[in-house]
Amino acid sequence: MSTSSPYRIAVIKGDGIGPEIVSSAMKVLSSAAARFGFGVEYNEVLAGGCAIDACGVPLPSYTLDACRASDAVLLGAVGGPKWDGIEPSRRPERALLGLRSGLGLYANLRPALLFPELASASPLKNAGAIDILIVRELTGGIYFGENGSYESSDLLADGTVKGKVAYDTEAYSEGEIRRIVKQAFEFARGRGRKLTLVDKANVLASSRLWREVASSVASDYPDVALDFLYVDNCTMQLIGRPSSFDVIVTSNMFGDIISDEAGMITGSIGMLPSASLGAPETPGMYEPIHGSAPDIAGTGKANPLATILSAAMMLRWSLGEKAAADAIEDAVKKVVADGYRTPDIASGADGEISVDTDGMTEAVLKALG
Ligand code: IPM
Ligand code: MG
């Protein structure tokens, strides 16, 4: 509990359902603040498609400055069909990459938790207990490596001219790998003490460096069991034995892919939060892992729980308000156990209470007390 000055939260509502779900999370955050005796001060700024419309760029510099000056960033979602025709370097999604690199948010935490009451929403027949933390490297690798294209008049084996060549490169330094692997070991130490490095070390030199560095960091964590898994095999094992995973650490690209898979097997992408963290003194960024769902924007169908749980992660990892974080997570567990269901998690079973975005938010506020 703190009586000092209010936490400064930069709020990026974004596009599509972003404004609805972020408003829900702000209500819950403010309510938790009142209950636990601390203040929050919101600074709403633009990024994504709405920023392109208002200022011509997806990430205006004032937005990045406002984020840098805050204690944490709460983000909804960006993008939508309206901006699909824009050339790649100015698309709404560039805002996300700019925020990640601009704030130095190298560690992306994506917990994949199956709520027992939602097991029927998982496409897996016998999902069992799933509680996986994916730690994805977020500011390096092929997303930020050297890329380009050129014309080549060289010939292929069959005599065809090669023509245009485009390339992206996956490069990781020892330092980049070490800091994220250390973080992952720390998280594993606080949970099930198992860490799996997911890579493609049978093919990629960069993956072999990940293994080398992870093996050397492992000597500082004798209490954590480290194992290695090729990414193709990992996609199978996540379906075959999801309960056996604890913490996964992996590169930017592999983390992007397997976190979608983990989202799928836990039933609803509308339930999963995320945190992106950098150095201790930099603000963390918190957002649901789902997108802007423009098809349901304004209909009240959006599930606000992933964003509400992202606010809880913010309280835990950036603001140090662990009791408030626990209270929000407990309130979400309670409303799910009590049967409150937005359309994405409804199964039609007896005892379910169908609610819209506001109804779900009200239920969480009530459970929060
Ligand atoms: C994600 C998204 C982004 C990514 C896109 C929108 C740039 O898929 O956060 O997983 O690839 O990182
Ligand atoms: Mg993704």
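Provided above is the structure to which this section pertains.
Here is a short report on the structure shown in this document.

Parameters and conventions
The numbers attached to residues start from 1 for each chain and follow its sequence in the written order. For this description, chains carry letters from A and ligands carry numbers from 1, given in the order in which they are written. The model is predicted, so local features are restricted to residues of pLDDT at least 70 and side-chain atom pairs to those at 80 or more, both for listing and for counting; the totals for chains, interfaces and linings are taken over all residues. Where side-chain values are given, they derive from all heavy atoms of the structure, hydrogens and water being excluded. A molecule or strand has a residue near it when one of that residue's heavy atoms lies within 4 Å. A 3.5 Å cut-off defines polar contacts: any pair of N or O atoms within that distance qualifies, except that in protein one atom must be a possible hydrogen donor and the other a possible acceptor, and neighbouring residues in sequence count only when both atoms are side-chain atoms. Here the open area of atoms and residues is found with the Shrake-Rupley method and a 1.4 Å probe, where only the protein chains shown may cover a residue. Helical segments are the DSSP runs of H or I of at least four residues, strand segments are the runs of E of at least two, and each set is numbered from the N terminus. Nonpolar residues are Ala, Val, Leu, Ile, Met, Phe, Trp, Tyr, Cys and Pro. Charged residues are Asp, Glu, Lys and Arg, and all others, Gly as well, are polar. Note that the domain bounds were set by an automatic or database domain assignment. Multiply 1.5 Å by the residue count of a helix minus one, and that product is the helix's expected span. Classification of residues uses two cut-offs on accessible area relative to the type maximum, computed with a 1.4 Å probe and protein chains only: under 20% is buried, over 50% is exposed, and between them is partly exposed. The contact definition used throughout considers only heavy atoms, calling two residues in contact when any of these lie within 4.5 Å. The disulfide criterion used throughout: a pair of cysteine sulfur atoms within 2.5 Å. Here, a salt bridge means any side-chain nitrogen of Lys or Arg that lies within 4 Å of a carboxyl oxygen of Asp or Glu. A pair of Phe, Tyr and Trp rings is counted when the ring centres sit within 6.5 Å of each other, with Trp represented by its six-membered ring. The angle between the planes then sorts it: under 30 degrees is stacked, over 60 is edge-to-face, the rest tilted. Strand pairing is defined by DSSP finding a minimum of two bridges between the two strands.

All right, on to the site of ligand 1 then. Around ligand 1 sit Glu93, Leu96, Arg100, Arg110, Arg136, Tyr143 and Asp256, and those are all the residues in its vicinity. In the environment of ligand 1, an oxygen atom lies 2.7 Å from a nitrogen or oxygen atom belonging to the side chain of arginine 100. Contacts to ligand 1 include arginine 110, whose side-chain N or O atom sits 2.8 Å from an oxygen atom. In the complex, 72% of the free accessible area of ligand 1, which totals 320 Å², lies under the protein chains. The element contributing the most residues to the shell around ligand 1 is helix α4 (residues 93-102), with three residues. A breakdown of the residues in the shell around ligand 1 according to their chemical character gives two nonpolar, no polar and five charged. Shared between two domains, the shell around ligand 1 holds at least three residues of each, these being domain 1 (1-104 + 282-369) and domain 2 (107-137 + 173-278).

Counting along an α-helix, one turn takes 3.6 residues, and residues three or four places apart therefore face a common direction. Taking 1.5 Å per residue, 12 residues should reach 16 Å; helix α11 (residues 357-368) reaches 17 Å between its end C-alpha atoms and fits that length. What α11 keeps buried is the set Thr357, Met360, Thr361, Ala363, Val364, Leu365 and Leu368. Buried residues belonging to α11 abut α1 (18-36), α9 (305-317), α10 (322-337) and β13 (340-341). Once α11 ends, the next one or two residues include glycine 369, with phi positive near 85°.

What follows covers the state of the cysteines. The tally for this structure, following the rule as stated, stands at zero disulfides. A disulfide-free cysteine, cysteine 55 has its sulfur positioned 8.4 Å from the sulfur of cysteine 50, the nearest such atom.

Let's shift gears to the pattern of salt bridges. Under the defined criterion, the tally for this structure stands at 18 salt bridges. The partner of arginine 191 in a salt bridge is aspartate 131, and the shortest N-O contact between them spans 3.5 Å. Placement of the pair is arginine 191 in the loop between α5 (174-189) and β8 (194-199) and aspartate 131 in strand β5 (residues 131-137), with a sequence separation of 60 residues. With a relative accessible area of 40%, aspartate 131 lands in the partly exposed category. The residue aspartate 199 makes a salt bridge to arginine 211 at a minimum N-O spacing of 2.7 Å. With a gap of 12 residues between them, aspartate 199 in strand β8 and arginine 211 in helix α6 (residues 205-218) connect regions that are remote in the sequence.

We now examine the packing of aromatic side chains. If you walk through the whole model with that rule in mind, you get five aromatic pairs. Between tyrosine 172 and tryptophan 210 the ring centres are 5.1 Å apart and the planes differ by 85°, which places this aromatic pair in the edge-to-face class. Note that tyrosine 172 is positioned in the loop between β7 (161-168) and α5 and tryptophan 210 in helix α6, a separation of 38 residues in sequence. We classify tyrosine 172 as buried; its relative accessible area is 8%. Of the residues examined, tryptophan 210 reaches a relative accessible area of 3% and is grouped as buried. Relative to tyrosine 221, the ring of phenylalanine 185 has its centre 4.8 Å away and its plane inclined at 10°; by these criteria the two rings are stacked. Note that phenylalanine 185 is positioned in helix α5 and tyrosine 221 in the loop between α6 and β9 (225-230), a separation of 36 residues in sequence. Each of the two residues, phenylalanine 185 as well as tyrosine 221, counts as buried.

On a regular strand, one side chain projects to one face of the sheet and the next to the other, so that they alternate. Of the two faces of strand β10 (residues 247-250), the one holding Val247 and Val249 and the one holding Ile248 and Thr250 are both buried throughout. Bridge count for β5 against β10 is four bridges, and the pairing is parallel. Its bridge partner lying in β10, isoleucine 134 is registered against isoleucine 248. Looking at chain direction, β8 and β10 are connected through four bridges and run parallel. Its bridge partner being in β10, valine 198 is matched across the sheet by threonine 250.

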